[in-house]
Amino acid sequence: MNDPVFLAVKHDAPPPDRRGRPLRDLRISVTDRCNFRCTYCMPKEVYGNDHQFLEHKELLSFEEIARLARIFARKGAEKIRLTGGEPLVRRNLESLVEMLAQIPNVDLALTTNGTLLKKKARALWDAGLKRITVSLDALDDATFMKMNDVDFPVARVLDGIAEAAAVGFNPIKINMVVKRGANDNCILPMARHFRGSGQILRFIEYMDVGHTNGWRMEDVVTARQIVDMISADAPLAQADPNYRGEVAERWRYRDGSGEIGVVASVTQAFCRDCTRARLSTDGKLYTCLFATRGHDLKALLRGGASDHEISDRIDAIWRQREDRYSEIRTANTVAAQKIEMSYIGG
Ligand code: SAM
Ligand code: SF4
Ligand code: SF4
């Protein structure tokens, strides 16, 4: 690792992990609940009426999240992303945003399904959030409703995106998970819709997160196939990454009408540069999206540990990290009892 960015280590930073990777990003799942039942994430058969979500007392409070976020920031986390489940279903999320936005040198972002954005965009902006990603898998109601599985119409997500743009979010990133046979017919309509809008559409390869979505390699439309399909419609040229370790590969329209991204998490693993830690809704630290086990920080918080002690624990966990799931994916790992994305934070 002789990249200067990787060598610029913060004073309180944990030692690099076993593969030489620093800790740079933190994703925080603020709730394991969601108002969607996307078939690739929280299928209804598993997340039906009798599913046991976490009880409120098990969730980290906003104060606990903010305390951990400050510790992580001192340790070199430069980016914090709020996610879930659906983060905007957690009441008063803007109060948490306000606390986190005050942490110096942290780039704060949020990923949302956009359903509550029309109502919440202004409050989030005023609380200090400046970066937002909205997930949207189709532009026609029939496909979108089949994917969200709660009959939610596209127009209300588009209204949310429009409101976010009106209050100042710019650029807004749009995430589309592509699943063969489910919404691959929407790749071109989505690309055409967002081209020239200033919003950046990113196509995400369908992943085998958790163990409930019945993932099969045949259902993955590869990043390469997506780029080829769009480029045949409107020619693309590859663009340089914004920074080392950027997960989305950037492609610009040759006519200057904007850019798209592709996240090839399945076909071009980026574990080598993965600097991401995840904090689950109930305060466990995971060092990989595909982890099978987390490390309980809530017990430390509630057991009266000092910041210093928590910081030492994070160092010890990070030092042991050797995850590289996407590089070593096999039929056996796909079938393993991995943690669900809604809980660990997508
Ligand atoms: N509910 C919010 C949303 O949908 O934006 C935030 C949480 S969601 C788990 C975060 C991101 O993970 C979304 O963009 C979603 O599309 C993506 N995601 C969920 N399941 C996935 C899967 N099996 N493969 C690839 N991406 C997935
Ligand atoms: Fe909910 Fe997001 Fe998962 Fe869809 S992808 S079920 S919106 S958490
Ligand atoms: Fe990072 Fe794990 Fe994904 Fe690899 S599989 S990029 S280590 S989260």
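Refer to the structure printed above.
### Some words on the overall build of the protein chain
Step number 1: Of the regular secondary structure elements, the protein chain holds 12 helices and 12 strands.
Step number 2: Here the C-alpha atoms of the protein chain give a radius of gyration of 19 Å, agreeing with the 20 Å that 2.2 N^0.38 yields for 346 residues.
Step number 3: Referenced to the eigenvectors of the C-alpha coordinate spread, the extents of the protein chain come out at roughly 55 × 45 × 45 Å.
Step number 4: In the protein chain, which comprises 346 residues, the share counted as buried stands at 55%.
Step number 5: As displayed, the protein chain has an accessible area near 15300 Å², and 49% of this comes from carbon and sulfur atoms.
Step number 6: Separation of charge centres in the protein chain, based on 51 positive and 47 negative side chains, amounts to 2 Å.

### Thoughts on the packing of helix H3 (residues 93-101) against helix H4 (residues 117-127)
Step number 1: Packing of H3 against H4 brings their axes to within 8 Å, and their N-to-C directions diverge by 25°. Relative to H4, the element H3 lies roughly parallel. Handedness of the H3/H4 crossing: right-handed. On H4, the residues touching Leu93, Glu94, Val97, Glu98 and Ala101 of H3 are Lys120, Ala123, Leu124 and Ala127.
Step number 2: Within the contact of H3 with H4, the residues separate by chemical class into six nonpolar, no polar and three charged.

### Digging into the site of ligand 3
Step number 1: In the vicinity of ligand 3, the contacting residues are Phe270, Cys271, Cys274, Arg278, Cys288, Leu289, Phe290, Asp323, Tyr325 and Ser326.
Step number 2: Here the residues of the shell around ligand 3 sort into seven nonpolar, one polar and two charged.

### Here we look at the pairing of strand S1 (residues 25-29)
Step number 1: Most of S1 is tucked away: five of the five residues are buried.
Step number 2: Side chains Asp25, Arg27 and Ser29 project from S1 onto one buried face, and the interleaved Leu26 and Ile28 project onto a second face that is buried too.
Step number 3: The pairing of S1 with strand S2 (residues 79-83) spans five bridges and is classified as parallel. Across the sheet, residue Ile28 finds its bridge partner in S2, namely Leu82.
Step number 4: Handedness of the β-α-β unit built from S1, helix H2 (residues 62-74) and S2 comes out right-handed.

### Quick look at H2
Step number 1: Taking 1.5 Å per residue as the helical rise, H2 with its 13 residues ought to reach 18 Å, and the 18 Å between its terminal C-alpha atoms agrees with that figure.
Step number 2: Within the sequence span of H2, burial applies to Phe62, Glu64, Ile65, Ala66, Leu68, Ala69, Ile71, Phe72 and Ala73.

Parameters at a glance
- Residue numbering note: each chain is counted from 1, following its sequence as written.
- To label them, take the chains in the order written and letter them from A, then take the ligands in the order written and number them from 1.
- Where local features are concerned, this predicted model is filtered to residues with pLDDT of at least 70; where side-chain atom pairs are given and counted, the filter is 80 or more; whole-chain, interface and lining totals use all residues.
- The basis for the side-chain values is all heavy atoms of the structure; hydrogens and waters are excluded.
- Each helix corresponds to a stretch of at least 4 residues labelled H or I by DSSP, and each strand to a stretch of at least 2 residues labelled E; elements are numbered beginning at the N terminus.
- The globule rule is 2.2 Å times the number of residues to the power 0.38, and the radius of gyration it is compared with is taken over C-alpha atoms.
- For every residue, the accessible area (1.4 Å probe, protein chains only) is compared with the maximum for its type, and the residue is labelled buried under 20%, exposed over 50%, or partly exposed between those bounds.
- For every accessible area listed, the method is Shrake-Rupley and the probe measures 1.4 Å; residues are considered covered only by the protein chains on display.
- A positive count includes Lys and Arg, and a negative count includes Asp and Glu. His and the chain ends are not counted in either.
- Taken as the charge centre is NZ of Lys, CZ of Arg, CG of Asp or CD of Glu, depending on the residue.
- Every angle, taken between N-to-C directions, lies between 0 and 180 degrees, and every axis is a line fitted to C-alpha atoms, over only the stretch in contact when it is a helix.
- Angles are sorted into four bins: roughly parallel if under 35 degrees, roughly antiparallel if over 145, roughly perpendicular if 65 to 115, and oblique for all others.
- Left-handed describes a crossing in which the near helix is turned anticlockwise from the far one by less than a right angle; the clockwise case is right-handed.
- Any two residues whose heavy atoms approach within 4.5 Å at even a single point are treated as in contact.
- For this classification, the nonpolar set comprises Ala, Val, Leu, Ile, Met, Phe, Trp, Tyr, Cys and Pro, the charged set comprises Asp, Glu, Lys and Arg, and every other residue, Gly included, is treated as polar.
- Definition of nearness: a residue and a molecule or strand are near each other if at least one heavy atom of the residue lies within 4 Å of the molecule or strand.
- We call two strands paired when DSSP finds no fewer than two bridges between them.
- Seen with its strands pointing away from the viewer, a crossover is right-handed when the path leading from the first strand over the helix to the second is clockwise.
- What a helix should span is 1.5 Å times the count of its residues minus one.

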